[in-house]
Amino acid sequence: MSALYESVGLDKAIFSEDSLLIPYDKFVYLLEAAAAQLDFPDIAMQLARQQDMMILAPLGSMLSDCNNVSEALEVIVKYLKILVSGYQVDIQVQQDHLTVSFYLEQSHIQELVQYQDYAMASAVNILYGLLGRSFPIRACYFLRNEQDQQRISEYAQYFGCPVAFNNRTLSLTCDNSVLQLDIGNLVKQLNTKINNTKPLHNECIVKRVSNVMSFSLTNGIYRLEDIASSMHYSQRTLQRKLGEQNTSFSALLDSVRFNMANQYLKNSYYRQTDIAVLLGYNSLSAFSRSYHRWSGIYPNEARKRMLKE
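K.L.:
Residues and numbers for the pattern of salt bridges, please.
P.N.:
Within this structure, the stated rule accounts for 11 salt bridges. Note that E154 is salt-bridged to R151, the shortest N-O span being 2.7 Å. Pair noted here: E154 and R151 are both in helix α8 (residues 149-159), with a separation of three residues, about one helical turn. A salt bridge links R305 to E301, with the nearest nitrogen and oxygen atoms 3.2 Å apart. With R305 and E301 both in helix α16 (residues 299-308), this residue pair falls four residues apart, about one helical turn. One salt-bridge network, held together by shared partners, links D42, R151 and E154.

Below is the structure:
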């Protein structure tokens with residue numbers, strides 16, 4: 001894997017950093033390289049198929065506040081915009097159907113097979129998670145051209161609907177009636193899965209809270225009440241448990257942000273504005289002030305020193 005990472009310009013050290021996000025263009029290049037080297041053209045679609053609704057776990061508390069699919073989609077779309085710079089999801093409601101279109105500012109990425117396959121397969125997977133298989137997708141539309149009828153048939157079988165190629169937009173359609181459907185069952189299932197993934201042994205509370213923080217920051221979720229709720233603790237209980245480990249919520253949040261910031265700063269392909277968003281800040285200046293408070297220097301200087309090492 002480290003060789004594959006380096007082949008697309010990723011530092012092999014990032015392979016061991018579970019909490020860091022790979023830049024989206026590098027992720028797509030990684031899929032393209034893997035597809036070619038492994039002779040596995042469907043790798044993006046198979047990867048998307050293996051992902052269950054736990055990919056929405058960082059949004060658990062926000063989805064719990066949603067009354068229907070329409071509100072849930074707003075939360076998910078906002079999440080995607082934070083995770084992928086320059087990514088836009090457009091939802092249009094027509095008289096009898098709903099069209100979801102996907103746009104990427106990086107046109108050279110948008111034309112790649114693995115980008116289109118992964119974007120569409122992930123979207124369909126999420127919609128089925130929200131709606132269930134009883135609400136089928138009407139059709140899927142791809143940008144690229146495909147003339148092989150066998151391949152077209154395979155795509156139709158994978159997505160469970162008619163598939164068209166050589167279209168002006170990357171999009172899918174389904175009945176617009178799904179927007180008002182309740183997602184209570186999904187939230188319950190998601191909470192059950194989150195609870196089932198908790199370690200059976202008494203793992204250090206500091207590590208558990210740190211992990212939750214690292215995956216929640218990109219959604220702007222970093223308040224005590226939000227983190228406590230996602231872990232099914234009261235605020236007082238969580239503070240008490242952290243106090244027993246000689247730390248506090250605010251101190252732990254600073255520690256997680258500082259460690260993640262340093263990991264991102266080591267890699268020049270992360271812009272500082274992106275790092276600020278990934279750490280849950282509203283602006284680059286807010287991130288810079290925090291970093292100076294933690295280390296005595298600003299992120300610019302820290303990056304220069306790291307890249308010289």
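Once you've had a look at it, read on.
K.L.:
Describe the packing of helix α10 (residues 205-216) against helix α13 (residues 249-265), with residues and values.
P.N.:
Any two packed helices are characterised by the angle at which their axes cross and by the distance between the axes. Between α10 and α13, whose axes approach to 10 Å, the crossing angle comes to 60 degrees. In terms of axis orientation, α10 runs oblique to α13. Both α10 and α13 take part in a crossing whose hand is right-handed. Residues V206, V209, S210, M213 and S214 of α10 touch α13, and the partners they reach there are F249, L252, L253, V256 and M260.

K.L.:
Give me the lowdown on the environment of Q106, citing residues and values where you can.
P.N.:
Counting through the fold element by element, Q106 comes out in the loop between β2 (97-104) and α6 (107-110). Given a relative accessible area of 25%, Q106 falls into the partly exposed group.

K.L.:
Quick rundown of the packing of aromatic side chains? Include the residues and the values.
P.N.:
Using the criterion set out here, one finds 16 aromatic pairs in the structure. Ring geometry for Y155 and F159: centres 6.4 Å apart, planes at 25 degrees, overall stacked. One end of the pair is Y155 and the other is F159, both in helix α8 and four residues apart, which spans about a single turn. Neither residue differs from the other here; Y155 and F159 are each classed as buried. The rings of Y24, F27, Y87, Y115 and Y118 are connected pair by pair, giving a single aromatic cluster. The residue whose ring lies beneath R257 is Y222, and the NZ or CZ to ring-centre distance is 4.7 Å. Seen from the ring of Y281, R257 lies directly overhead, with NZ or CZ sitting 4.0 Å from the centre.

Parameters and conventions
Residues numbered from 1 in each chain as written. Predicted model: local features only at pLDDT ≥ 70, side-chain atom pairs only at ≥ 80, totals over all residues. Heavy atoms only, no water. Salt bridge = Lys/Arg side-chain N within 4 Å of Asp/Glu carboxyl O. Helix = DSSP H or I, 4+ residues; strand = E, 2+ residues; numbered from the N terminus. Axes fitted to C-alpha atoms, helices over the stretch in contact; angles between N-to-C directions. Parallel < 35°, antiparallel > 145°, perpendicular 65-115°, else oblique. Left-handed = near helix turned anticlockwise from the far one by under 90°. Contact = heavy atoms within 4.5 Å. Buried < 20%, exposed > 50% of the residue type's maximum accessible area, 1.4 Å probe, protein only. Phe/Tyr/Trp six-rings, centres within 6.5 Å; stacked < 30°, edge-to-face > 60°. Lys NZ or Arg CZ within 6 Å of the ring centre and 35° of its normal.

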